[in-house]
Amino acid sequence: MRLILLGPPGAGKGTQAQRLVEKHGIPQLSTGDMLRAAVQAGTEVGKRAKAVMDAGELVSDAIVNAIVAERIDQPDCAKGFILDGYPRTLVQADAVEAMLAERGIALDTVIELVVDDKALVGRIVKRAEDAKAAGQPVRKDDNPEVFEERLREYYKKTAPLTGYYYAKGKLKTVDGMASIDAVTAEIGKVLAAAVK
Ligand code: AMP
């Protein structure tokens, strides 16, 4: 199964992706996680991405496309994967098409988590508080100021992907304002219908 989770920052893509990993035994490919790991490891990619990420802007298409292309060739992706936070631009969406076509594989579906903007800042603030309480590092971009920029980037560059996938007949929408369990159940139904 190959699917894309779409939605603004704080929509719950990561949470739902983790549940899908458990249920379906396929990996979550989060470009945000991969980039944070690169920053942490101090790689060349990490050095180039850090300032852009801290500012809440998007890392270049060339960098993220290369990371994903390499990642989907790993053996654990053979049975499928969940793209979380990628693609985020139309250029990236075209790159996914090309990557999959080259490998003779297809995308099953794209699920958009639809959320109310006003709830998002609160979710991000809570995510930062929860991380702190659990003794985990707090993401530098999980604060209201940077979040505004992340949301602007989303509307400018990522929101057009809903039209892109709708036109291809791949887009399914799920109410991301429902409880985490209800969202999981709804995604389960969408997948059951899409992957037959
Ligand atoms: P996320 O964890 O998905 O919220 O991503 C955190 C940050 O990583 C984003 O604000 C971007 O700076 C960068 N990033 C993650 N995924 C992408 C992507 N597909 N394209 C460009 N930048 C990305």
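Our structure's up above, just so we're on the same page.
Residues numbered from 1 in each chain as written. Predicted model: local features only at pLDDT ≥ 70, side-chain atom pairs only at ≥ 80, totals over all residues. Heavy atoms only, no water.

Concerning the overall build of the protein chain
Across its full length, the protein chain carries 9 helices and 5 strands. Mapped from its N terminus to its C terminus, the protein chain presents α and β elements in the order β-α-β-α-α-α-β-α-β-α-α-α-β-α. Rg of the C-alpha trace for the protein chain: 16 Å, near the compact-globule value of 16 Å for 196 residues, within the 12% margin. In terms of its C-alpha atoms, the protein chain occupies a principal-axis envelope of roughly 40 × 40 × 30 Å. Within the protein chain, the proportion of its 196 residues that are buried is 43%. For the protein chain, contacts bridging at least 24 residues in sequence account for 75% of all contacts bridging at least 6. Averaging the positions of the 28 positive and the 28 negative side-chain charges in the protein chain gives two centres separated by 2 Å. (Helix = DSSP H or I, 4+ residues; strand = E, 2+ residues; numbered from the N terminus. Rg over C-alpha atoms; globule rule 2.2 N^0.38 Å. Buried < 20%, exposed > 50% of the residue type's maximum accessible area, 1.4 Å probe, protein only. Contact = heavy atoms within 4.5 Å. Lys, Arg positive; Asp, Glu negative; His and termini not counted. Charge placed at Lys NZ, Arg CZ, Asp CG, Glu CD.)

Looking at the nonpolar core
In terms of nonpolar packing, the biggest core is built from 28 residues, with Leu 35, Leu 83, Tyr 86 and Tyr 165 touching the most fellow members. Residue assignment for this core shows that the elements contributing at least two residues are β1 (2-6), α2 (31-41), α3 (44-54), α4 (61-71), β3 (81-84), α5 (90-102) and α8 (160-167). Tallying contributions element by element places α5 first for this core, with 5 residues. If we skip the residues at most four places from it in the chain, Tyr 165 touches Ile 4, Leu 6, Pro 87, Ala 93, Leu 107, Val 110, Lys 170 and Leu 171. Ranked by size, the runner-up nonpolar core spans 20 residues in total, among them Leu 3, Leu 5, Leu 120 and Ile 124. (Core = buried A, V, L, I, M, F, W, Y, C linked by side-chain atoms within 4.5 Å.)

Here we look at unusual backbone geometry
For the bond running from Tyr 86 to Pro 87, omega is 0 degrees, close enough to zero to count as cis. Residue position: Pro 87 is located in the loop between β3 and α5.

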